[in-house]
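Given next are the chains, with one letter for each unit.
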Amino acid sequence: MTHEVNFDGLVGPTHNYAGLSYGNVASHQHAHVHSNPKQAAKQGLQKMHRLSELGLVQGVLAPQERPDMATLRQLGFSGNDAQVLEKAYRDSPALLAACYSASSMWTANAATVSPSADTQDGRVHFTPANLVNKFHRAIEHEVTGRILRRVFPDETYFCHHSALPSHEALGDEGAANHTRLCARYDRPGLELFVYGRSAFDSSQAAPKRYPARQTLEGSQAVARLHGLNESNTLFIAQNPAVIDQGVFHNDVIAVGNQNVLFYHQSAFLDTQSVLQQIRQKMPDTQLHFIEVAPNQVPLSDAIRSYLFNTQLVTLKSGHMALIAPTECAEISSVNAYLEQLPSLNTPIKEVHYIDVKQSMQNGGGPACLRLRVALNKAELAATNPACLMSQTLFNRLNRWIDQHYRDRLTLNDLRDPALLQESRTALDELTQILQLGGVYPFQR
Ligand SMILES: NCCC[C@H](NC(=O)CCC(=O)O)C(=O)O
């Protein structure tokens, strides 16, 4: 039995709204609003619990060490920890906020994962995303790689690559721009890599207003590293016009699972050719292309509601469920669409709503918060069991959050050395709960 396991990022104790992501409308709109890290972490944990209650195997990925003191020192802020924070706050609050961001919660951007059924050597391949487009995210990949190695330690089954070189030409945002179609999780699938621009081919269309974070060259390099081939990959140009409207990752406008691709009509540059190529590469699979037209859901409503940042999961019954943020029920066009979706003739039979508002306000919906890893029985058995959700782990993490998290943070709080200490104490305990060993710079 092969499971597609969702590894959700636990929200770190320094979750805040710093307006760091140009091109991500929600991040911009909520810049400098006060955040509630405790609520954010609980909302995320509740989502993990809900999915495991639905019968899915659910995993947890630890957050990063924040503030990132090593990076602040590398940027020339010196003295003891309190002095470093104070100087950074005085000279460059934006850099301080970047080094404090809890953005590793969005594990869809942690890495690209290719299941063993697709790869040449029959192992599960992981490439942490370099996330070069945003400074606060470009400092994630090293620790991300270290955590992934502790969760998937056995080299018989798992192959870990380094992130691509940190240059815009190889911009890589991980699984947010990658989805996999297949007849069954244990069978070879078709991996769809969606890119926003080409670094070297200037004849290709590119957005004009907001950055295209993912390049074709980055996607191709990941596919090469993972030992994928022509028959099980497809490189798809995202529609640059939607990037300019705020679709900063493809998972804001499309989601795939098994034989279903659910997307907005405006998602791709040339939709007809995309669908035709998918059909050609998967001749034996009965595919469902669920296209949502602008007269059903206008693009702006799709972006505000995160209709396509839903998780599309297969339940034990074989039916699929859509795990949607509560915002989808609050926007009338989306609510109307989702009310009729289960009665259309598609595998999607249920819609479940969850509240992840703290994350949504930074542009991260349910799908942003998870990294999908399809694992067969032996691979699942080789996965660090302390990172798999259970009632015991759920209770333990709830207590851990209650003990260590604040319920209010503003940018002014980031200069407080007590917050640094609280965060380290919490993370040190977490690495014991999740049996990760020392993964953070302060532990080494
Ligand atoms: N997949 C969802 C990612 C959301 C993330 N937001 C942020 O980093 C916002 C952080 C802030 O503005 O405080 C991003 O844009 O990469």
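Residues numbered from 1 in each chain as written. Predicted model: local features only at pLDDT ≥ 70, side-chain atom pairs only at ≥ 80, totals over all residues.

Going by an unreviewed UniProt entry, the protein carries the name N-succinylarginine dihydrolase and comes from Oceanisphaera pacifica. Here the protein is described in UniProt, under the heading Pathway (unreviewed entry), as follows: "Amino-acid degradation; L-arginine degradation via AST pathway; L-glutamate and succinate from L-arginine: step 2/5." Its UniProt record, at the heading Sequence similarities (unreviewed entry), says of the protein: "Belongs to the succinylarginine dihydrolase family." (UniProt positions renumbered as here; feature names shortened; annotations may be inferred.)

Caption draft 1: Representation of the overall build of the protein. A count of helices and strands for the protein gives 17 helices and 15 strands. On C-alpha atoms alone, the protein measures out to a radius of gyration of 20 Å, which is about the 22 Å that the 2.2 N^0.38 rule sets for 444 residues. Seen through its principal axes, the protein has C-alpha atoms that stretch 60 × 45 × 40 Å. Counting only residues that meet the buried cut, the protein has 52% of its 444 residues in that class. A fraction of 76% describes how many contacts in the protein between residues 6 or more apart in sequence connect residues 24 or more apart. (Helix = DSSP H or I, 4+ residues; strand = E, 2+ residues; numbered from the N terminus. Rg over C-alpha atoms; globule rule 2.2 N^0.38 Å. Buried ≥ 20, exposed ≤ 12 C-beta atoms within 10 Å, placed from the backbone. Contact = placed C-beta atoms within 7 Å.)

Caption draft 2: View of the nonpolar core. Leu61, Ile253, Phe308 and Leu371 are the most contacted members of the largest nonpolar core, which totals 111 residues. Discounting chain neighbours no more than four positions away, the residues touching Ile253 are Val242, Val247, Tyr263, His264, Ala267, Ala302 and Phe308. (Core = buried A, V, L, I, M, F, W, Y, C linked by C-beta atoms within 7 Å.)

Caption draft 3: Here's a closer look at the UniProt feature "active site" (unreviewed entry) in the protein. Taking the numbering used here, the UniProt-annotated feature "active site" (unreviewed entry) corresponds to Glu173, His249 and Cys368. In sequence the annotated residues extend across 196 residues, while in space they remain close, none of their C-alpha pairs exceeding 11.1 Å. Looking at where Glu173 falls in the secondary structure, it is placed in the loop between β5 (158–160) and β6 (178–181). Given 31 C-beta atoms within 10 Å, Glu173 falls into the buried group. Ignoring sequence-local partners within four residues, the contact set of Glu173 consists of Asn109, Ala129, Leu131, Arg213, Gln214 and His249. Within the secondary structure, His249 is located in the loop between α9 (240–243) and β9 (254–257). Residues in contact with His249, not counting those within four places in the same chain, are Glu173, Ala176 and Asn177.

Caption draft 4: Region of the structure containing the environment of Asn257. Note on placement: Asn257 falls in strand β9. Owing to 23 C-beta atoms within 10 Å, Asn257 belongs among the buried residues under this scheme. Considering only alpha carbons, one finds Asn257 and Val60, 197 residues apart in sequence, at a separation of 21 Å. Excluding anything up to four places from it in sequence, Asn257 contacts Leu312, Val313, Thr314 and Met320.

Caption draft 5: Structural context of the site of the ligand. In the region of the ligand, 20 residues are neighbours, and Ala18, Leu20, Ser21, Ser27 and Cys368 sit closest. Tallied by class, residues from the shell around the ligand come to 7 nonpolar, 11 polar and 2 charged. (Near = placed C-beta within 6 Å. Nonpolar A, V, L, I, M, F, W, Y, C, P; charged D, E, K, R; others polar.)

Caption draft 6: Inspection of helix α13 (residues 332–340) at higher detail. Among all positions of α13, only Val334, Tyr337 and Leu338 are buried. Along the axis of α13, the buried positions cluster into a sector of 95°, meaning they face one direction only. Exposed residues lying more than 90 degrees from the buried face of α13 are Ser332, Ala336, Glu339 and Gln340. Elements in contact with the buried residues of α13: β11 (288–292), α11 (299–305), β13 (320–325), α12 (327–330) and β14 (348–354). (Arc of directions from axis to C-beta.)

Caption draft 7: Representation of the pairing of strand β7 (residues 190–195) in the model. Summarising burial for β7: 6 of the 6 residues are buried, a large majority. Of the two faces of β7, the one lined by Leu190, Leu192 and Val194 and the one lined by Glu191, Phe193 and Tyr195 are each fully buried. Taken together, β7, helix α8 (residues 216–225) and strand β8 (residues 233–237) form a β-α-β motif whose crossover is right-handed. (Right-handed = clockwise from strand over helix to strand, strands pointing away.)

Caption draft 8: Up close: the sheet that holds β8. Taken together, the 3 strands give an open sheet; going across it, the order is β6-β7-β8, and neighbouring strands pair in mixed fashion. Edge positions in the sheet fall to β6 and β8, since each has one partner strand and no second. The mean angle between the axes of side-by-side strands here comes to 25°, regardless of whether they run parallel or antiparallel. Across 4 bridges, the pairing between β6 and β7 is antiparallel. Directly across from His178, in β7, lies its bridge partner Phe193. In the packing of helix α10 (residues 271–281) onto the sheet, contacts are made with β6, β7 and β8, and the angle to β8 comes to roughly 175°. (Pairing = 2+ DSSP bridges. Axes fitted to C-alpha atoms, helices over the stretch in contact; angles between N-to-C directions.)

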